[in-house]
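Here's the letter readout for the chains.
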Amino acid sequence: ESSLVEVCSKRNENIGLLAYSPLCGGILTNKYSNIDSPKNSRFNLFPGYMERYKQSLALKAVESYSQIAKKYDLTPTELALAWCYKRPHVASTIIGATTIPQLVENIESYNKISLITDEIENEIEQVYKVYRDPTKNM
């Protein structure tokens with residue numbers, strides 16, 4: 001959504017952005033990083049669901065983001081959502097928890113915003129520079 005940020009910024013239209021699928025259909029939770037991914041997950045229940053995240057560099061990007069999360073004692077979910085919640089232009093997010101524990105983790109991630117330091121943001125930015133659009137094969 002980077003091209004929309006400038007248009008929607010306070011100095012232009014002053015419109016908050018709604019982050020759709022900030023966990024990329026669950027891929028940023030890192031639960032799909034191995035063959036033993038949950039059998040009752042959307043990726044396994046619905047063939048073709050968010051297919052672009054399974055056949056691309058996305059899993060490599062997720063692994064890199066997950067390493068950052070682990071380094072700072074966060075789950076990949078907490079890192080992704082807290083980073084998103086911290087963006088000044090994001091007015092809200094659409095989450096898609098399918099279990100109560102997922103919902104709790106998503107909501108409690110809001111309390112992790114203060115843990116997203118400049119150092120963490122810089123590390124996230126470095127990963128982003130490598131995998132600018134990981135849903136496309138390079």
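Above this text is the structure in question.
Conventions used here
Residues numbered from 1 in each chain as written. Predicted model: local features only at pLDDT ≥ 70, side-chain atom pairs only at ≥ 80, totals over all residues. Heavy atoms only, no water. Phe/Tyr/Trp six-rings, centres within 6.5 Å; stacked < 30°, edge-to-face > 60°. Helix = DSSP H or I, 4+ residues; strand = E, 2+ residues; numbered from the N terminus. Buried < 20%, exposed > 50% of the residue type's maximum accessible area, 1.4 Å probe, protein only. Salt bridge = Lys/Arg side-chain N within 4 Å of Asp/Glu carboxyl O.

Chemist: Looking at this structure, I do not really get the packing of aromatic side chains. What am I missing?
Modeler: Aromatic ring pairs are described here by two measures, namely the spacing of the ring centres and the angle between the planes. All told, the structure shown has 1 aromatic pair when counted by the stated rule. Ring geometry for Tyr 85 and Tyr 110: centres 5.4 Å apart, planes at 55 degrees, overall tilted. One end of the pair, Tyr 85, is in helix H4 (residues 76-86); the other, Tyr 110, is in the loop between helix H5 (100-108) and helix H6 (118-130), and 25 residues separate them in sequence. Residue Tyr 110 is classed as exposed on the basis of its relative accessible area of 51%.

Chemist: Can you help me understand the pattern of salt bridges in this one?
Modeler: If charged atoms from side chains of opposite charge come close, those side chains can pair. Within this structure, the stated rule accounts for 5 salt bridges. Measuring nitrogen to oxygen at the nearest pair gives 3.7 Å for the salt bridge that ties Glu 78 to Lys 112. One end of the pair, Glu 78, is in helix H4; the other, Lys 112, is in the loop between H5 and H6, with 34 residues separating them in the sequence. Lys 112 gets classed as partly exposed once you look at its relative accessible area, which sits at 25%. Two residues, Glu 121 and Arg 87, come together in a salt bridge whose shortest N-O distance is 2.8 Å.

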